[in-house]
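Structural overview for review
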Amino acid sequence: MWSCFCKTKSNGYIRWATFSDPKTLCPIMSDDSGSSDVIGMLFTGPYKYDKKTNMVPDMATAMPEISKDNLTIKFKIKPGIKWHDGVELTSADIKFSYDLIRDPQVLSPRYADFMSIKNIETPDKYTVIINLKEVDSAFLDNLTNPYIIPKHIWEKADKTKLKEFEAARKPIGNGPYMFKEWKKSERIEVVPFKDYYDGAPKNSGVIYDITPSTATALVKMETQEDNMTQVPESDVARMKTKPFLTVKPYTSTTFDYIVYNIKSPFFSDKRVRQAFTYAINKEAILKGIYKGIGQVAEGSYVPALWCYNPNVKKYPYDLAKAKALLDEAGWKVGPDGIRVKNGKKFEVKILTNQGNKMREKAVVLVQNQLKPLGIKVEPRILDWNTMWSNYIDIGKFDLYYSGFITGITGDQTVMFHSDKTIGSFNRGRYVNPRIDELYTLAKKTFDKNQQKKYFFEAQQIIAEDQPMTFIVYRGRNWTFNKEVTGTEVYNLLGFMNMDKWVVTK
Amino acid sequence: MLKYTLKRILQAIPLLIIISILTYLIINLAPGDPTAFFINPEKASRLGPDYVANIKHHLGLDQPLHIRYFKWLGNVLRGDFGESFFEQRSVMSILWEALPNTIILSLVAELIALIVAIPAGIICALKRNSIWDYIFSTISFIGMSLPTFWFGLMLILVFSLKLGWLPTAGMRDNFDAFVFTDRLRHIILPAIVLGMGGMAANMRYMRGAMLEVIRQDYIRTARSKGLSEKVVIVKHALRNALIPIVTMFGFSIPALFSGAAITETIFAWPGVGRIAIEAVFSNDYPLVMGNFMIIAVMTVVGSLVADLLYAVVDPRIKYE
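Computed from a prediction, not measured in an experiment: that's the story for all the values here.

1. What about the overall build of chain A?
- Across its full length, chain A holds 13 helices and 24 strands.
- Since a compact globule built from 505 residues should have a radius of gyration of about 23 Å, the 25 Å found for chain A is in line with a globular shape.
- Once the C-alpha set of chain A is aligned to its principal axes, its extents read approximately 80 × 70 × 40 Å.
- Of all 505 residues assigned to chain A, the portion counted as buried reaches 59%.

What follows is the structure in structure tokens.
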């Protein structure tokens, strides 16, 4: 017994090492990545994305029917879909779940996503009709999420305390896996659901092994105690040296970028922002800090996205152009080498959050790269909450270095719209009426080709205006023990079809 | 003795209240806003002030700090530590679930510490300035100054990764039944890390106490009576030299629990320390308060136990 100390036998289980400790398994209340990971195995939605990020039916029988006025979304679900307790899943469950999300007393983190719904009708057991208050094509994306819970169980719950209800810790779902056991801060075990409508999983189940840090998760891969985990950029090379591991990369919709405060006297002129983009050597940042994993970014639309526009203004590293643009904008080099305009020296502070080592290093690199331009940049590393509430949210900043994850729908209103209630993540307070118009138009149509046209134009305008300098698209990596076969990892989506994987030992 | 104990318990009440006020103030003044968890920052402005106010009200954060404190205190006096913001479960049930794991880890750690420290301390004292004295003294100084997280990671590196003898982290592999060997091999590394500081300190105390005792007249008397060296050391000297160790045990209880926070986090041990750290990071005020109050009570109780034990083992001490 003491001889086979370390290696835990997989016994056909996928053993997923993670450092995210789930908070709840109620799909309506969850808002952390640990909870979403597990809920994604236990629940499904009416629709899903295929490998190429096209929306395709999952529980639904066909693509949704949209009314002529674009205000009604209608779809049917397959008959005979079962909850894990054997009860049939019907349209009443869908209405019940979406109505809970829409109820302000429930305090669901998805409340805002469902605000455009007027009401939901269920004319029969399988048909769902969603009536919208206003045309909102971005709403469709919500139908791909596993937000549906069984009415016959949850109707007994106090809706203001859903997380406290027993089923939030012992969920009944409808997905490929059934909940078996949750040991807080230790692990969650799920096992195949024999009656899953898309066929029972081919492995013995999944053990979601909760470890306190990425470092521990990676060691557990090296000792072969676990057989899958996500690898940060810094450790990809190390994982690749292990003969029993494979590393599978994919591009995500995550990028790191610099946001300029456009209301500040330094960055109101777009030539200054363009000069910064010319002078920042993105290639060097990618190689030096992100270990070359990922891609140099040009805009907020990742190249793998269906509406990515390659024909926009590019800013290859060019110090001479940067200097010329600054001269043109009236920022002349002063006697001490620092640029001056109207008696004001070009001295700015770049903010970033504490604890993210890559960003902490990146701001120092940016500081050095801008020095030859005659611009003094002082890095300031702040606590996450302090940075947002005391500086960025109230517009008390020059520029900041941060990251962003966009959806795959192409709708990026939150980043660019000038109305604060719509463009809530437009922290640099960028204003361009045409951009506002384009994103509104895109929301008002369900026609993908029309949307694409609007998103293409938006990308061109943003490339010209440079309200932000996009640094890198982050590369993501999963590593698997070779005993897990059939693993599929796709750009923008990550791993897929876990239920089809086979564990050979 | 009884009177003294009662007096100490009464004195502890205002002390605990002061501790609770300070803790409450500090966690509420610390940066971070628990409502942020309920509001997707991307959508915050769309939700409107009513929605945010509703969340604040739901969490009880819409009232001024002092009112909130007194409400909390009132509930605590009735045995109710409130609900965790994010799990919506009662703080006590969360802590009760984790407390046994922490107690087991702490006891094993203390046991390892004593088993090593007592003999080593005796050897150091008896063979003063010998090579053994230097070796053990060096070890104890290193042990006292090693940062827990570094030492823990080094042990994982050597014993799990390189040698493959022991599991990397966690408390068990077998979730269906209690298997002693399974639990034992999981507890070895975290217990050594957690016990290291206490072991080093106890070794020093043991050495010092022993040195003092063996110079006493009654030891010389015992030797001159012709008793064997073994009897002199074990029966006469050790019993008196153990007094500071016994007292130290009381004080080490809270130290073990606060040290457990780091150890538990490194080794994925599902105890209260790990919960405390997560609660602090997520601004889960009720859970932080519950956790810290347990540590505060244990500190107070630990020092009381230490003082009482002192009187028990040392007849020269009397409390009136």
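2. Quick word on the pattern of salt bridges
Residue and element names in this part refer to chain A.
- One pass over the structure, following the stated rule, counts 40 salt bridges over all chains.
- Asp-21 is the salt-bridge partner of Lys-184, the closest N and O atoms lying 3.6 Å from each other. Of this pair, Lys-184 sits in the loop between strand S8 (177-183) and strand S9 (187-192) while Asp-21 sits in the loop between strand S1 (13-18) and helix H1 (33-42), and the two are 163 residues apart along the sequence.
- Of the residues examined, Lys-184 reaches a relative accessible area of 12% and is grouped as buried.
- Across the pair Arg-434 and Glu-457 runs a salt bridge whose closest N-O atoms are separated by 2.7 Å.

3. A few points about the interface of chain A and chain B
- Each side of the interface is counted separately: chain A has 51 residues, and chain B has 48 residues.
- Interface area, chain A with chain B, both sides summed: about 4500 Å², of which 55% is carbon and sulfur.
- Our count for the chain A to chain B interface comes out at two salt bridges.
- The tally of links between chain A and chain B comes to five residue pairs in polar contact (both at pLDDT 80 or more).
- Among the elements that take part in the side of chain A that touches chain B, helix H4 (residues 214-222) of chain A stands out by supplying four residues, more than any other.

4. Some thoughts on H4(A)
- The element H4(A) is largely enclosed, with a buried count of seven among its nine residues.
- A:Gln224, located one to two residues past H4(A), shows a positive phi value of around 60°.

5. Thoughts on the confidence of the model for chain A
- Mean pLDDT over chain A works out to 92, with 98% of the residues at or above the 70 mark.
- In the model, residues 1-6 of chain A has pLDDT below 50 throughout and makes 15 contacts with residues more than four positions away in sequence or in other chains.

6. As for the UniProt feature "transmembrane region" (unreviewed entry) in chain B
Residue and element names in this part refer to chain B.
- Under the UniProt annotation, the feature "transmembrane region" (unreviewed entry) is placed at residues 12-30, 103-126, 138-166, 186-205, 245-269 and 289-313.
- Across residues 138-166 one finds 79% helix and 0% strand; the C-alpha atoms that close the span lie 27 Å apart.
- End C-alpha to end C-alpha, residues 186-205 measures 30 Å, and it is 100% helix and 0% strand.

7. Focus on the sheet that holds strand S16 (residues 344-345) of chain A
- Across the sheet, three strands lie side by side as S14-S15-S16 (chain A); this open sheet has antiparallel pairing. Taken across any chain shown, the strands that pair with only one partner, and hence form the sheet edges, are strand S14 (332-333) and S16 of chain A.

8. So, a nonpolar patch on the surface
- Together, B:Leu10, B:Ile13, B:Ile17, B:Ile18, B:Ile21, B:Leu22, B:Leu25, B:Ile26 and B:Leu29 line one region of the surface with nonpolar side chains, adding up to about 850 Å² of accessible area.
- Position of B:Leu29 among the secondary structure elements: in helix H1 (residues 2-29).

9. Comments concerning the packing of helix H6 (residues 148-162) of chain B against helix H10 (residues 243-266) of chain B
Residue and element names in this part refer to chain B.
- Where H6 meets H10, the axes come as close as 10 Å, and the angle between the chain directions of the two elements is 30°. Looking at the two axes, H6 sits roughly parallel to H10. Here H6 and H10 pass one another in a crossing that is right-handed. Contact residues: Thr-148, Phe-149, Gly-152, Leu-153 and Ile-156 in H6; Ile-262, Thr-263 and Ile-266 in H10.
- Taken together, the residues of the contact of H6 with H10 break down into five nonpolar, three polar and no charged.

10. A closer look at the side chain of A:Asn309
Residue and element names in this part refer to chain A.
- Structurally, Asn-309 is set in the loop between strand S13 (294-296) and helix H8 (319-328).
- You can call Asn-309 buried: its relative accessible area is 2%.
- Here Phe-456 takes part through its backbone oxygen, which lies 3.2 Å from a polar atom of the side chain of Asn-309.
- When neighbours within four sequence positions are excluded, Asn-309 is seen to be in contact with Phe-456, Gln-459 and Gln-460.

11. Digging into the UniProt feature "domain: ABC transmembrane type-1" (unreviewed entry) in chain B
- The positions UniProt marks with the feature "domain: ABC transmembrane type-1" (unreviewed entry) are residues 99-310 of chain B.
- For residues 99-310 of chain B, the helix share is 82%, the strand share is 0%, and the end-to-end C-alpha distance is 27 Å.

12. Thoughts on the side chain of A:Lys163
- Inspection of the secondary structure assignment puts A:Lys163 in the loop between helix H3 (151-154) and S8.
- A:Asp32 provides the closest opposite charge to the buried, unpaired A:Lys163, separated from it by 7.1 Å.
- A polar contact of 2.7 Å, which involves the side chain of A:Lys163, links it to the backbone oxygen of B:Phe86.

13. Things to note about the nonpolar core
- Counting 103 residues, the largest nonpolar core has A:Tyr98, A:Ile130, A:Leu143, A:Trp154 and A:Tyr257 as its most contacted members.
- With residues up to four places along the chain from it excluded, the contact list for A:Ile130 reads A:Leu71, A:Thr72, A:Ile73, A:Phe75, A:Tyr98, A:Ile117, A:Asn119, A:Ile120, A:Phe139 and A:Leu143.
- Core analysis: the second largest hydrophobic core is formed by 36 residues, B:Ile27, B:Ile55, B:Leu59 and B:Tyr285 among them.

14. Structural notes on the environment of A:Ser35
Residues and elements named next belong to chain A.
- You can see Ser-35 is positioned in helix H1.
- By relative accessible area, Ser-35 is classed as buried at 0%.
- With 12 residues separating them in the primary sequence, Ser-35 and Lys-23 have C-alpha atoms 6.1 Å apart.
- When sequence neighbours within four positions are dropped, the list of residues in contact with Ser-35 reads Pro-22, Lys-23, Thr-24, Leu-25 and Ser-30.
- Reaching out from Ser-35, the side chain makes a polar contact with the side chain of Asp-32 at a distance of 2.7 Å.

Here is what the cut-offs are and how they apply
Residues numbered from 1 in each chain as written. Chains lettered and ligands numbered in written order. Predicted model: local features only at pLDDT ≥ 70, side-chain atom pairs only at ≥ 80, totals over all residues. Heavy atoms only, no water. Helix = DSSP H or I, 4+ residues; strand = E, 2+ residues; numbered from the N terminus. Rg over C-alpha atoms; globule rule 2.2 N^0.38 Å. Buried < 20%, exposed > 50% of the residue type's maximum accessible area, 1.4 Å probe, protein only. Salt bridge = Lys/Arg side-chain N within 4 Å of Asp/Glu carboxyl O. Contact = heavy atoms within 4.5 Å. Buried area = accessible area lost by both parts, 1.4 Å probe. Polar contact = N/O pair within 3.5 Å; in protein donor to acceptor, adjacent residues only side chain to side chain. pLDDT = per-residue confidence, 0-100. UniProt positions renumbered as here; feature names shortened; annotations may be inferred. Pairing = 2+ DSSP bridges. Patch = residues over 30% accessible without salt bridge, like charges linked within 9 Å, V, L, I, M, F, W, Y side chains within 5 Å. Areas by Shrake-Rupley, 256 points an atom, 1.4 Å probe, with all protein chains shown as cover. Axes fitted to C-alpha atoms, helices over the stretch in contact; angles between N-to-C directions. Parallel < 35°, antiparallel > 145°, perpendicular 65-115°, else oblique. Left-handed = near helix turned anticlockwise from the far one by under 90°. Nonpolar A, V, L, I, M, F, W, Y, C, P; charged D, E, K, R; others polar. Lys, Arg positive; Asp, Glu negative; His and termini not counted. Core = buried A, V, L, I, M, F, W, Y, C linked by side-chain atoms within 4.5 Å.

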